[in-house]
Amino acid sequence: MQRADEIASDPHRRVVAFGPAKNGGKTTFAVSAPGNKILLKYEPGIVSIPPGVDPKTLWVVEYPFDYEELSSKNDRWKRLGGAGQKMMDDVEEISNAFAVKRDIKIDDVIAPLPDTVIMDGGTMLHDALVSWICAVNNISDPRDATNKYYVWGKRMQGVIGVIRKVFKLPCNAILTAWETSDKDADGNIRERWPDIGGKMDYRATGMGDAGIYCYCDRTIKGTRFFIRTVSDGVVKGVGVRGKYDLPEVIDVTIDIKNPVMPWEKLWKNATIK
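Rules behind the numbers
Residues numbered from 1 in each chain as written. Predicted model: local features only at pLDDT ≥ 70, side-chain atom pairs only at ≥ 80, totals over all residues. Heavy atoms only, no water. Helix = DSSP H or I, 4+ residues; strand = E, 2+ residues; numbered from the N terminus. Buried < 20%, exposed > 50% of the residue type's maximum accessible area, 1.4 Å probe, protein only. Areas by Shrake-Rupley, 256 points an atom, 1.4 Å probe, with all protein chains shown as cover. Phe/Tyr/Trp six-rings, centres within 6.5 Å; stacked < 30°, edge-to-face > 60°. Lys NZ or Arg CZ within 6 Å of the ring centre and 35° of its normal. Core = buried A, V, L, I, M, F, W, Y, C linked by side-chain atoms within 4.5 Å. Expected span 1.5 Å × (residues − 1). Pairing = 2+ DSSP bridges. Salt bridge = Lys/Arg side-chain N within 4 Å of Asp/Glu carboxyl O. Axes fitted to C-alpha atoms, helices over the stretch in contact; angles between N-to-C directions. Parallel < 35°, antiparallel > 145°, perpendicular 65-115°, else oblique. Left-handed = near helix turned anticlockwise from the far one by under 90°. Contact = heavy atoms within 4.5 Å. Nonpolar A, V, L, I, M, F, W, Y, C, P; charged D, E, K, R; others polar. Lys, Arg positive; Asp, Glu negative; His and termini not counted. Polar contact = N/O pair within 3.5 Å; in protein donor to acceptor, adjacent residues only side chain to side chain.

Q: Lay out the overall build of the chain in plain terms, naming residues and giving numbers.
A: For the chain, the helix and strand inventory stands at six helices and 14 strands. In the chain, which comprises 273 residues, the proportion classed as buried is 44%. For the chain, the computed accessible surface area is about 14700 Å², with 51% contributed by carbon and sulfur atoms.

Take a look at the structure:
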């Protein structure tokens, strides 16, 4: 037991950033974090480097996103476990490197210990680990398993285990995810939250120092990017621990001529205007 004023503060931040699948600014926020970064790219598509980010400080690990082999002859498919297995192996390598303070080696490429680890695409991480569990257990569909609880329980253990291992590292850690929503009978959105899988939608956000909602909006000034730091009753899983003076919404649009990083705007108490 320690008295609160005797506890050393941890300078590192753990953030869950979620929002629309595209053009919400989630990855831009993540790569705007300081220092050397390793981006574990679970989502397909290219990595865009925003103004103000030196690409020499960013190492990207790409994963295949074909998690099953489809057949036109029936509605069954073969699950592939390679992507999920490699995702876990790479996190283990990063963790082991931090434990002994050595460089990281992934895909025969060596990189220094990062200041920030980014898990880019928690929604796809979930899908990959489900396919890995099915492949190991020779299951085509989790719903076909005799013991469904075993499959879904393993899924939760796997996803939460990977997030926990990264969030425990002595560095900044960021998990991005798409959003999912619940609508009323008229089609109006009642709730938005991270799409990580079942109960993990809420559990994952609780593991971080901050949960933020990333989105863009078209204004008279053009397209602007924002992050929400406090729930508005619809967006759930949002909040920043220990930052009591933050505005509810922060404009994190990057000015090409004078770039100020979204990460800095969040942790430096920038205002919305």
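Q: Can you lay out the packing of aromatic side chains for me, pointing to particular residues and giving the numbers?
A: Following the criterion strictly, the structure yields six aromatic pairs and no others. Site record: aromatic cluster; members linked through ring pairs are Phe18, Tyr213, Tyr215 and Phe226. For the cation-ring pair, Arg13 lies above Trp267, with the distance from its terminal atom to the ring centre recorded as 4.4 Å.

Q: Tell me about the nonpolar core, and name the residues and values.
A: Of all hydrophobic cores here, the largest spans 39 residues; its most connected members are Leu40, Tyr42, Ile94, Met119 and Leu175. With seven residues, helix α4 (residues 148-167) is the largest single contributor of residues to this core. Residues Ala17, Ala30, Val53 and Ile254 belong to the second largest nonpolar core, which totals 24 residues.

Q: Give a description of helix α3 (residues 122-136) that names residues and reports values.
A: Helix length check: α3, at 15 residues, gives a terminal C-alpha distance of 21 Å against a target of 21 Å (1.5 Å per residue), a fit within 8%. Of all 15 residues that make up α3, eleven are buried, and the element is covered over most of its length. Among all positions in α3, only Gly122, Thr123, Met124, Leu125, His126, Ala128, Leu129, Val130, Ser131, Ile133 and Cys134 are buried. Residue Asn138 follows α3 closely and has a positive phi angle near 55°.

Q: Could you give an account of the pairing of strand β12 (residues 222-228), naming the residues involved and the relevant values?
A: Where strand β11 (residues 210-219) meets β12, seven bridges bridge the pair, whose relative direction is antiparallel. Bridge assignment links Tyr213 to a residue of β12, and that residue is Arg228. Hairpin connection between β11 and β12: a loop of two residues separates the two successive antiparallel strands. Bridge count between β12 and strand β14 (residues 249-251): three bridges; the pairing is antiparallel. For Ile227, the partnering residue across the bridge sits in β14 and is Ile250.

Q: An account of the pattern of salt bridges is requested, with residue identities and associated values reported.
A: Scanning the model with the defined rule gives eleven salt bridges in all. Where Asp232 meets Arg228, a salt bridge forms, and the shortest distance between an N and an O atom there is 3.8 Å. Residue classification places Arg228 among the buried residues on the basis of a relative accessible area of 12%. Each of the salt bridges in this network shares a partner with another, and the network as a whole consists of Lys86, Asp90 and Asp107.

Q: Tell me about the packing of helix α2 (residues 82-100) against α3, and please be specific about residues and values.
A: It is the contact of α2 with α3, at a shortest axis distance of 7 Å, that shows an interaxial angle of 115°. Our classification of the angle between α2 and α3 gives roughly perpendicular. Between α2 and α3 lies a crossing whose hand is left-handed. Listed contacts from α3 to Gly84, Gln85, Met87 and Met88 of α2 are Leu125, Ala128, Leu129 and Trp132. When grouped by side-chain class, the residues that make up the contact of α2 with α3 number six nonpolar, two polar and no charged.

Q: Give me the lowdown on α2, citing residues and values where you can.
A: Spanning 19 residues, α2 covers 27 Å between terminal C-alpha atoms, matching the ideal 27 Å at 1.5 Å per step. All of the buried residues along α2 are Ala83, Gly84, Met87, Asp90, Val91, Glu93, Ile94, Ser95, Ala97 and Phe98. Taken from the residues just after α2, Lys101 is the one with a positive phi, measuring 55°.

Q: An account of the side chain of Lys265 is requested, with residue identities and associated values reported.
A: Tracing the backbone shows Lys265 in helix α6 (residues 262-267). Although Lys265 is buried, it makes no salt bridge; Asp251 carries the closest opposite charge, 4.8 Å away. Of note is the side chain of Lys265, whose polar atom sits 3.2 Å from the backbone oxygen of Asp251.

Q: Please provide a residue-by-residue account of unusual backbone geometry, values included.
A: Although it is not a glycine, Lys101 adopts a positive phi angle of roughly 55°. With respect to the helices and strands, the residue Lys101 is situated in the loop between α2 and β6 (104-106). Looking at Lys101, the relative accessible area reads 70%, which means it is exposed. Not every positive phi belongs to a glycine, and Asp107 is a case in point at roughly 55°. Note that Asp107 resides in the loop between β6 and β7 (109-111).

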